[in-house]
Amino acid sequence: MDTTSLWSPVLLTLQLATYTTVILLLIATPLAWWLARSTGRTKPAVEAVVALPLVLPPTVLGFYLLIALGPHGLIGAPWLAVTGDTLSFSFTGLVIGSVLYSMPFVVQPLQTAFAATGEQLLEAAALLRASPWDRFVSIVLPSAKRGFIVAATLGFAHTVGEFGVILMIGGNIPGKTQVLSIAIYDRVETLQYGEAHAMAAGLLLFSFAALLLVYGLNRRARAGTVQ
Amino acid sequence: MSGASTQAMLQMQLRLRRGDFVLDVNDTLPHTGIIAVFGPSGAGKTSLLRCLAGLEPAVEGSLSLNDTTWQDQTRKLFVPPHQRGIGMVFQEARLFDHLTVRDNLEYGLRRAPTAQRRLTLEEVTTALHLEPLLKHAPQQLSGGEAQRVALGRTLLASPQLLLLDEPLSALDRTLKDAILPFLAQLPGRLGLPIIYVSHTLDEVIRLADHLLLLEDGRISSHGPLADMFQRLDLSLAQRDDAGAVLEAEVNAHDDHYHLTTLGFAGQQLTVSRLAYAIGTRLRLQIKARDVSLTLQPPADTTILNILPCTISALASARSPAQTLIKLETAGQVLLARVTRKSCEQLDLKPGMKVYAQIKSVVLVA
């Protein structure tokens, strides 16, 4: 078994999931905060758009992304003009696709956590002289700690498990866009069952561990223990 | 501010509409001591406090304390709650679950400007019996403990006006008795005025210097506590526990009969032996239902307290069987509630001299 051909997709997958998770936490925190507090008419529409990847076949999302990221696309064309690079079939393109695809898995736990920090606590903090930003940092963020762990874990694990969107927009370029899920598909196609087994078992174990962490946290949250 | 002699004033002209309910208050209150807000549930007591604290952005009008303006609609001014320097203890403790009791207490303390801090963590933990709880998480506390932490946390933020929304409702009698005196001395000691919402008349009589009656979103009346309890025209007089509130001084103890003599306005009252030293000033209430009247000085009665009085006014009670009577004795007002039948048989009228037989005296503080 060639270990370098085994490790390259693993590293690429971890890199993709890390970038995606970090970017998602930055985008999803204000978005989830707004969704948790808003009572406006636009809220349901935004919630629906965020949740779309949950129900759409990855091929549909992948198809539109392929067009948007292409050299003449909505995002691809300006990107090409500025950087001189194409987005489709690139690692950067994969990050953009993953961010959209894993968005609901990060936004929803954060939104739930933010909504649980009731208005009552924020009022109490305001009357203890805390400014709105101070309240967000000192009350909302720490209260939502568990939500952040769940969001980051689910976002990361879901990106690791992504297949359809990546195949549509990234193809199968070893060392560039060939992540684990694609690599397994590739090995099975070429009848390299040994490598396929190793990678599949690794993914299975990782996914189980991630979900165990999430459900373990949920159980402790229900039991009402602190920290 | 020109000086300490200037009476501080809280001016409010506030209007808040929420569904069918409208809070509409327009008055100037003395900004000293403890103002009790009393009224039936749904009268808007909590809403009034929330408007003062700045928690109701929809409120219209103006609000100012001396030369500090917190709200002025004509100038589009609305100072947000965290910049008002107003503290509020809610009906629920609202502790921060991710912090220990100690960190909860220090939350406001850390954010209070150093020059404005008036209490230390040690003083507050001692007064509110919080030492054993400092390392606990809020989830481990009982309702009464959590409420004490909430009160301590607010005091440590050093507000210039303290709003209390039934903060002692979760506390048992013993703890209430321990904490009420601590609250009572705050205005005098720290110059911290308190607006105190309560539905327990005992608490109001014990604590308040000034009483504000709120009914149906409006201030029906307000004034110094003792004056309010003397008035026959207020709903207060119609309560079963209505009665004059007066200040008396411990004059003497009688160890043989185990009695104590209290003096007020040149008159004396005898009550069961009290544990207070001679000279101590006490607040008493004589409930109207405990006062009966005779035209002649009664002889051979078991009632110890009989005061000569002059009837100053009569009013019908809510119950058609009864009449409320306002009496004066040496400048002090008493209320009596008697049956309408007796009132007519004795032909009681303002100006008549009568003898008030006082069956019992309630010591409130």
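All names here are of chain B. With domains assigned, chain B is organised as domain 1 (9-238) and domain 2 (243-363). Each of domain 1 and domain 2 was reduced to a C-alpha centroid, and the two centroids are 34 Å apart. In this complex, domain 1 contributes 9 residues to the contact, which on the side of domain 2 involves 14 residues. Mapped by element, the contributors of at least two residues to the side of domain 1 that touches domain 2 are helix H6 (201-207) and helix H7 (225-230). Looking at which element gives the most residues to the side of domain 1 that touches domain 2, the answer is H7, with 4 residues. Residue classes in the side of domain 1 that touches domain 2 are distributed as 6 nonpolar, 2 polar and 1 charged.

Judged by nonpolar contacts, the single largest core of 105 residues is most densely connected at Ala36, Val37, Leu163, Tyr196 and Leu334 of chain B. Built from parts of two domains, this core gets at least three residues from each of domain 1 (9-238) and domain 2 (243-363) of chain B. Among all residues touching Tyr196 of chain B, those that are not within four sequence positions of it are Ile34, Ile35, Ala36, Val37, Leu164, Leu207 and Ala208 of chain B. Core analysis: the next-biggest nonpolar cluster, separate from the first, contains 42 residues, Leu87, Phe105, Val107 and Ala183 of chain A among them.

If you look at the interface, chain B gives 21 residues, while chain A gives 15 residues. Secondary-structure elements contributing two or more residues to the side of chain B that touches chain A are strand E7 (86-89) and helix H2 (101-111) of chain B. Tallied by class, the residues present in the side of chain B that touches chain A amount to 11 nonpolar, 5 polar and 5 charged.

Rules of the game
- Here the residue index of a chain counts from 1 through its sequence in written order.
- Following the order in which they are written, the chains are lettered starting with A and the ligands numbered starting with 1.
- Local features are withheld for residues below a pLDDT of 70 in this predicted model, meaning they are given only at 70 or higher, and side-chain atom pairs are given and counted only at 80 or more; totals for whole chains, interfaces and linings count all residues.
- Those domain boundaries reflect an automatic or database domain assignment.
- Any pair of residues counts as being in contact when their C-beta atoms, constructed from backbone geometry, are within 7 Å of one another.
- The helix count covers DSSP runs of H or I at least four residues long, the strand count covers runs of E at least two residues long, and both are numbered beginning at the N terminus.
- Just so you know the grouping, Ala, Val, Leu, Ile, Met, Phe, Trp, Tyr, Cys and Pro go in nonpolar, Asp, Glu, Lys and Arg go in charged, and all remaining residues, Gly too, go in polar.
- To define a nonpolar core, we join buried Ala, Val, Leu, Ile, Met, Phe, Trp, Tyr and Cys residues through C-beta atoms within 7 Å and take the resulting set.
- Buried means a residue has 20 or more other C-beta atoms within 10 Å of its own C-beta, exposed means 12 or fewer, and partly exposed covers the counts in between; C-beta atoms are placed from the backbone.

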